[in-house]
Amino acid sequence: MLSKLVSKQIINHGLRLTTRAASASAQPKLVIDRKPPVKFQKLFINNEFVDASSGSTFEVINPATGDVITEVADASEKDVDRAVKAAKDAFRLGSEWRRMDPAARGQLLYKLADLMERDRAYLAALETLNNGKPFKDSYNVDIPHCISVLRYYAGWPDKMNGKVLPVAGDFFSYTRREPVGVVGQIIPWNFPMILLCWKIGPSVATGCTTVIKLDEHTPLTGLYTAKLIEEAGFPPGVVNIISGDGPHCGASLVKHPDVHKISFTGSTQVGKLIGIEAAKLVKRTTLELGGKSPNIVFADCDLDTAVEMSHFALFFNQGQCCCAGSRTYVEEKIYDEFVQRSIERTKRRKVGDPFDESTEQGPQISHEQMDKIIDLIESGKKNGAKLLVGGKREGDKGFFVQPTLFADVEDDHRIAREEIFGPVMQILKFKTVEEVIERANDSDYGLAASVFSKDLDKSIVVSNGLRAGSVWVNTYDNFDPVAPFGGFKQSGLGREKSEYSLDSYSETKCVTIKISQRNS
Amino acid sequence: MASFTSKPPKIEIKYTQIFINNDWHKATNGKTFPVINPSTGEEICQVEEGTKNDIDKAVEAARKAFHINSPWRTLEPSARGKIMRKFADLLRRDIEYLAQLETLNNGKPVTNSKMDIMGAAACIDYYAGWADKFTGETLPTTSDMFLYTRHEPIGICGQIIPWNYPILMLATKLGPALACGNVVILKPSEETPLTALYCAALIKEAGFPPGVVNIVPGDGPNCGNAIVLHEHINKISFTGSVEVGKKVQEGAAKSNLKRVTLELGGKSPLIICEDADVNFAVYVAHEAIFHNAAQNCIAASRTFVHSKIYDEFIAKSVALAKKRIVGDPFDPATQQGPQINKSQFKRILNYIESGKKAGAKLECGGEKANDKGYFIKPTVFSNVKDDMEIAREEIFGPVMSVFKFDSYDEVIERANATNFGLVAGVLTKDLTRALKFVQELQAGSVWVNTYAAMKAQAPFGGFKQSGQGREFGKYGLEPYYEVKTVAIKLLSKM
């Protein structure tokens, strides 16, 4: 029952990811397949599924149990070459893709969205099996969002207008917005389907061709989507999808001379490495990296909403969100009340089998991640923060961590500065507006931030002052496809979703033609 | 060789009533009016006659649908787009039936009806994609202000469409209006209401809330006029003649200063330069005038040909015009169906007489093509002079008028010497010359080495008395939203 409340909150409030009509139909008589069959395990190149050239594979783990689900092809540098070649061929001048009516590109995206809608239950189950996120999130949040993102981008191809310019002299001068070319896209494991669609959307909309590297933890839904891409009717080579690791497969994609642009979502640490490599070839780069996002709760907020949304802001997706509200600043006046209510809420958070309807929190993605989280929890205790809920691993099978809450956190504690990427909430106290803005901005990150307050002035002034790419007021995790998302500072470069995302996939060409006499 | 079949195919007419609030209504005045098949001159059926009271009803419904917090006002923009795309899909689903109905009522060949329907669906798809993409702006200003613009729907939009492209015009009007979140009262031409009423049923099926789109068939003086003068209609978009367009603008101002866009007539020049390939030019010029039995605002009704290729052009154009197959629009061989009604038919024949009297040379055609229906033979006049009636007035019938020219500066001046300014076409291979024409021709669209390049993405509309405002493209959205500027003063000192 409580999970339904959270679900409703997510849909109507924070994540606003489905239309009212769709969310009403989100709870039909659904038969959940807890063991969805894995249908595609090979690399998708030129609309075909092929083994890795070395024949090697790697294991894919179910994080709820630690067991192996299946094996998929392990792409090496050679396979990256093959994929890039396919994308390059599909992009050559005069190709079907280059000559295609832009509106027809959009129709392909609409078709892909329709197929995803058709296979929504299967994709959601497969995502849950591979990633561990609760099925009700995969089904009600992740997959519908993917569909809406694709449909959003589908409308763009014949609307990316250039300009005719008021130049001086006898010239006719105009800009063309051309696709940047072959793009390499590297996505992480926390939102496999969502990030896949955030990448496919702008690439297809602008007319680029792409090679997408799936994260080695979570390749299954991406490889199934590859099949849908073929079914939708995309020409071969336009979207290629491969599974492989970072150091060999990803690095090779980044370094490849025929890839004109890289779009990477992942850690700041790896993002920097990619930036360095890409710079050697002046490769266009967009990065979506980590965050340590401040969530600021003022005394004049709606306390019920603030407590629930702050809980959601941190704990959603097992805390594995780049934009998690991982520093909760609470105004002194309501601090004790807020902490008390948050303790109660955190204690109520149901951890368990992600296929169970009542589960709110599934496992972390891997043993490694789990260890990292526990290590940071220990540091919190050592630094003197007050551990009030949880703090340990949950069970001994799978990678579950107890919902954990620290209060009286100080800005210099490791848990206040480093990205934990787990279900660990930090509550800090503040006195004044000026102080909290300064403390909120005191970070190398700048991905997101939020403000809870009923005051008009305060909401606007504080939003203006926060150095973050997304600022949410009295809500959290609003991911409308229309709204840009991306980081200030070391949280990234560039923006995803929205019209703003199109620029990074386009090159502007200015054409100037000499004419006999220019008139205005 | 096409025939002039006297018996049209059996086509079921499903909807003949007034569509308000997703419901069908009889006329408040209890009257109906006949709808004629122009291929035979015979009645197809009777349709409910909308007049002022029905417009008032429609306005009530539209108002409710537009009220703050209504389903339509609170619907997510992307959901608006989705419903619009559903409508486009339904147009394509029912294309066979719709094309037959369009041809029965309008007289255009079935292949043309199908093309129109595909174009209509593409237009709706295009605008559906805009619903969640056109944005207001935040504006840089002094630090004590938060300044931004909202693009809000205007409200109740009255739309009056003509009979030459019934379905295509409906889509052209609905697309931008709905993308911006408006509600609509659309009056189809009294000549051609049938496909509009069928589209009304599709609109309901697509899922538009009641009152968002209302379709009221009726005439100009009693129905259209009621829209033009209505105190609670916020905007009018009219496609039709210049004469009526002026009345629309007058009435709009007189009543409540409703916002006005007009797509009116044309007397558009097609200029064929000496370096154009003559066979290509003949083909382009032929389609440019005769398509849709020349019932096009964009018809290339003044064909300017360089003296160097003039004789060859005339000979080949006449040969092509003589080959044009006029007949039963349901016959797949037919290229040209009837004119829309008796009055147009007579008017065109009168213009042909005036051309002959004025001394233009009638090269071919010049008379009716059949006793029944309103068919006219493709007609070519050569040696037309700029001051002749057929050179200055919009004929809206299959009459090609060819003029000779020598210099390019001269022909541009002659092309511009008109109160119209809808489109112009230029055939030349020379880069500099093409761009000179583009710059100097006073027309809302200039087409180079092609004609009728109508695209959903390309704004379309007239200079001078050919209209005001643009349809299609991103520009097509502009007439359908109001800009609200919001300034929030920040009281704190930060």
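Residues numbered from 1 in each chain as written. Chains lettered and ligands numbered in written order. Predicted model: local features only at pLDDT ≥ 70, side-chain atom pairs only at ≥ 80, totals over all residues. Heavy atoms only, no water.

### With respect to the overall build of chain B
- When helices and strands are counted, chain B shows 15 helices and 19 strands.
- Its C-alpha atoms give chain B a radius of gyration of 24 Å, near enough to 23 Å, the size a compact globule of 494 residues would have.
- Counting only C-alpha atoms and orienting by the principal axes, one finds that chain B spans roughly 80 × 60 × 40 Å.
- Looking at chain B residue by residue over its 494 residues, the buried ones come to 59%.
- Partitioning the contacts of chain B with sequence separation of at least 6, the portion at a separation of at least 24 is 75%.
- With an accessible surface of roughly 19300 Å², chain B has 52% of that area assigned to carbon and sulfur atoms.
- Within chain B, one finds 59 positive and 54 negative side-chain charges whose respective centroids are separated by 2 Å. (Helix = DSSP H or I, 4+ residues; strand = E, 2+ residues; numbered from the N terminus. Rg over C-alpha atoms; globule rule 2.2 N^0.38 Å. Buried < 20%, exposed > 50% of the residue type's maximum accessible area, 1.4 Å probe, protein only. Contact = heavy atoms within 4.5 Å. Areas by Shrake-Rupley, 256 points an atom, 1.4 Å probe, with all protein chains shown as cover. Lys, Arg positive; Asp, Glu negative; His and termini not counted. Charge placed at Lys NZ, Arg CZ, Asp CG, Glu CD.)

### Notes on the sheet that holds strand β11 (residues 294-297) of chain A
Residue and element names in this part refer to chain A.
- Reading across from one edge, β13-β16-β17-β12-β11-β18-β19 is the order of the 7 strands in this open sheet, with mixed pairing throughout. On the outer flanks of this sheet lie β13 (386-389) and β19 (470-473), each paired with one strand and no other. Put simply, the sheet's adjacent strands are angled 20° from each other on average, direction ignored.
- Where strand β16 (residues 404-407) meets strand β17 (residues 424-430), 3 bridges bridge the pair, whose relative direction is parallel. Pairing of L405 across the sheet is with M425, part of β17.
- Where helix α13 (residues 332-348) meets the sheet, it contacts β11, β12 (327-331), β13, β16 and β17, and its direction lies at approximately 170° from that of β17.
- Against the sheet, helix α16 (residues 433-441) makes contact with β11, β12 and β17, and its axis sits at roughly 145° relative to β17, the strand it touches most. (Pairing = 2+ DSSP bridges. Axes fitted to C-alpha atoms, helices over the stretch in contact; angles between N-to-C directions.)

### Details of a nonpolar patch on the surface
- Taken together, the side chains of V270(A), L273(A) and I276(A) make up a nonpolar region of the molecular surface, amounting to roughly 270 Å² of accessible area.
- When you line up the elements, L273(A) lands in helix α11 (residues 268-280). (Patch = residues over 30% accessible without salt bridge, like charges linked within 9 Å, V, L, I, M, F, W, Y side chains within 5 Å. Salt bridge = Lys/Arg side-chain N within 4 Å of Asp/Glu carboxyl O.)

### Things to note about the UniProt feature "domain: Aldehyde dehydrogenase" (unreviewed entry) in chain B
- UniProt's feature table lists "domain: Aldehyde dehydrogenase" (unreviewed entry) at residues 24-486 of chain B, given in the numbering used throughout.
- Across residues 24-486 of chain B, helical content stands at 41% and strand content at 19%; the span's end C-alpha atoms are separated by 41 Å. (UniProt positions renumbered as here; feature names shortened; annotations may be inferred.)

### A few points about the domain arrangement of chain A
- Its domain assignment divides chain A into domain 1 (1-31), domain 2 (42-289 + 495-506) and domain 3 (294-479).
- Each of domain 1 of chain A and domain 2 of chain A was reduced to a C-alpha centroid, and the two centroids are 28 Å apart. (Domains from an automatic or database assignment.)

### Observations concerning the UniProt feature "active site" (unreviewed entry) in chain A
- The sites that UniProt annotates as "active site" (unreviewed entry) are E288(A).
- Relative to the helices and strands, E288(A) resides in strand β10 (residues 284-288).

### Regarding the side chain of R433(B)
All names here are of chain B.
- Relative to the helices and strands, R433 is located in helix α15 (residues 431-440).
- Looking at R433, its side chain comes within polar contact range of the side chain of D275, at 3.3 Å.
- Not counting residues up to four positions away in its chain, the partners in contact with R433 are C273, D275, Y408 and T428. (Polar contact = N/O pair within 3.5 Å; in protein donor to acceptor, adjacent residues only side chain to side chain.)

### Quick word on the UniProt feature "active site" (unreviewed entry) in chain B
All names here are of chain B.
- Residues annotated by UniProt as "active site" (unreviewed entry) correspond here to E263.
- When you line up the elements, E263 lands in strand β10 (residues 259-263).
- Ignoring any residue separated from it by four or fewer positions in sequence, one finds E263 in contact with F238, T239, G240, L422, F460, G461, S466, G469, R470 and E471.

### Comments concerning the confidence of the model for chain A
Residues and elements named next belong to chain A.
- Mean pLDDT over chain A: 94, with 95% of residues reaching 70 or higher.
- Ignoring residues within four places in sequence, the model shows residues 1-7, a span with pLDDT below 50, making 9 contacts including any to other chains.
- This stretch, residues 9-26, has a pLDDT under 50; its non-local contacts, to residues over four places away or in other chains, come to 48 contacts. (pLDDT = per-residue confidence, 0-100.)

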